[in-house]
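Observations on chain architecture
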Amino acid sequence: GESVGLHLPTLSVQEGDNSIINCAYSNSASDYFIWYKQESGKGPQFIIDIRSNMDKRQGQRVTVLLNKTVKHLSLQIAATQPGDSAVYFCAVPRYTGNQFYFGTGTSLTVIP
Amino acid sequence: DAGITQSPRHKVTETGTPVTLRCHQTENHRYMYWYRQDPGHGLRLIHYSYGVKDTDKGEVSDGYSVSRSKTEDFLLTLESATSSQTSVYFCAISTGNEQFFGPGTRLTVL
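Nothing here was measured: the structure is a model prediction, and the numbers come from that model.

With 22 residues of chain B at the contact, the number on the chain A side is 21 residues. At the boundary of chain B with chain A, total buried surface from both sides reaches about 1600 Å², with 51% on carbon and sulfur atoms. For the pair chain B and chain A, the number of links is zero salt bridges. At the boundary of chain B and chain A, one finds three residue pairs in polar contact (both at pLDDT 80 or more). Secondary structure elements with two or more residues in the side of chain B that touches chain A: β4 (31–37), β5 (44–51), β9 (87–94) and β10 (99–101) of chain B. Considering each element in turn, the side of chain B that touches chain A owes the most residues, four residues, to β4(B). For the side of chain B that touches chain A, the class distribution of residues is ten nonpolar, nine polar and three charged.

On to the pattern of salt bridges. Residue and element names in this part refer to chain B. In the structure shown here, the tally under the stated rule is eight salt bridges over all chains. When the shortest N-O distance is used, the salt bridge between Asp-73 and Lys-70 registers 3.3 Å. Classification of Asp-73 as buried rests on a relative accessible area of 8%. The network of salt bridges with shared partners includes Arg-22, Lys-70 and Asp-73.

Attention shifts here to the sheet that holds strand β8 (residues 73–78) of chain B. Residues and elements named next belong to chain B. Spatially, four strands are ordered β1-β3-β8-β7 in an open sheet, and the strand pairing comes out antiparallel. Each edge of the open sheet is held by one strand with a lone partner, namely β1 (4–7) and β7 (64–70). The average undirected angle you get between the axes of adjacent strands in this sheet is 20°. Sheet topology places strand β3 (residues 19–25) next to β8; six bridges connect them, and they run antiparallel.

A word on unusual backbone geometry. Between B:Ser7 and B:Pro8 the backbone carries a cis peptide bond, its omega angle lying at -10°. With respect to the element layout, B:Pro8 can be found in the loop between β1 and β2 (10–13). With a phi close to 45°, A:Ala79 is a non-glycine residue in the positive phi region. Residue placement: A:Ala79 occurs in the loop between β8 (72–77) and β9 (86–93).

A covalent bond bridging the sulfur atoms of two cysteines is what the word disulfide describes. Per the stated rule, a full pass over the model turns up two disulfides over all chains. In this model A:Cys23 forms its disulfide with A:Cys90; the gap between the sulfur atoms is 1.6 Å. Classification of the bridge connecting A:Cys23 and A:Cys90 rests on its S-S torsion, roughly 40°, and on that basis the disulfide is right-handed. Linking A:Cys23 in strand β3 (residues 19–25) with A:Cys90 in strand β9, this pair joins segments that are 67 residues apart in sequence. Neither A:Cys23 nor A:Cys90 differs from the other in exposure class; each is buried. Between the sulfur atoms of B:Cys23 and its disulfide mate B:Cys91 the distance is 1.8 Å. Torsion about the S-S bond of the B:Cys23 and B:Cys91 cystine: about -70°, corresponding to left-handed handedness. Taken as a pair, B:Cys23 in strand β3 and B:Cys91 in strand β9 lie far apart in primary sequence, 68 residues in all. Residue classification places B:Cys23 among the buried positions, given a relative accessible area of 0%. With relative accessibility at 0%, the residue B:Cys91 sits in the buried group.

What counts and what doesn't
- Residues numbered from 1 in each chain as written.
- Chains lettered and ligands numbered in written order.
- Predicted model: local features only at pLDDT ≥ 70, side-chain atom pairs only at ≥ 80, totals over all residues.
- Heavy atoms only, no water.
- Contact = heavy atoms within 4.5 Å.
- Buried area = accessible area lost by both parts, 1.4 Å probe.
- Salt bridge = Lys/Arg side-chain N within 4 Å of Asp/Glu carboxyl O.
- Polar contact = N/O pair within 3.5 Å; in protein donor to acceptor, adjacent residues only side chain to side chain.
- Helix = DSSP H or I, 4+ residues; strand = E, 2+ residues; numbered from the N terminus.
- Nonpolar A, V, L, I, M, F, W, Y, C, P; charged D, E, K, R; others polar.
- Buried < 20%, exposed > 50% of the residue type's maximum accessible area, 1.4 Å probe, protein only.
- Pairing = 2+ DSSP bridges.
- Axes fitted to C-alpha atoms, helices over the stretch in contact; angles between N-to-C directions.
- Disulfide = S-S within 2.5 Å.

Shown next, in the form of structure tokens:
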């Protein structure tokens, strides 16, 4: 069945550096992807989404890149700040009951 | 936060006792979901609802039941709690494209 996975369970970056968090998916028919941020003790929070007709989408300090050929997407955070410390995970729709597959998450730690 | 609240936020209970978690939304969304989140696992769907009194099972539904008698409330019940149900539980609503999550309930079963 469908699966969603992240490449690294943990990532540490220096404050001010750029962060890259990766996600792989298995279903080539997937046409919509979401990145979530989850801070300690809180629920997941929507960051940015991208549709399969796009290769890149930019938000405020965040960029999502989609490579449909290798079924991979990445979340890039520019000038990482301490407030960016959180778990990040991607989600892919299941198309059943408005459901999603969720990755296990990458824990980002920003070193001051 | 899409107007989602969960209660209680924390609960400690004993094995074999019944537990009910409540999710409340203020924006009249049709779809509501209950997930559990455990270390090493992504969010796993327990049950979901696509309308009042319309519910269906998710991938980890054993030991859980749900009810939705009003659009705004979605209840998750553990009929007889077990230690394996110690987890953080999240409620979510769907706007169609996205899911928005509540703040979570941390449940510990001793």
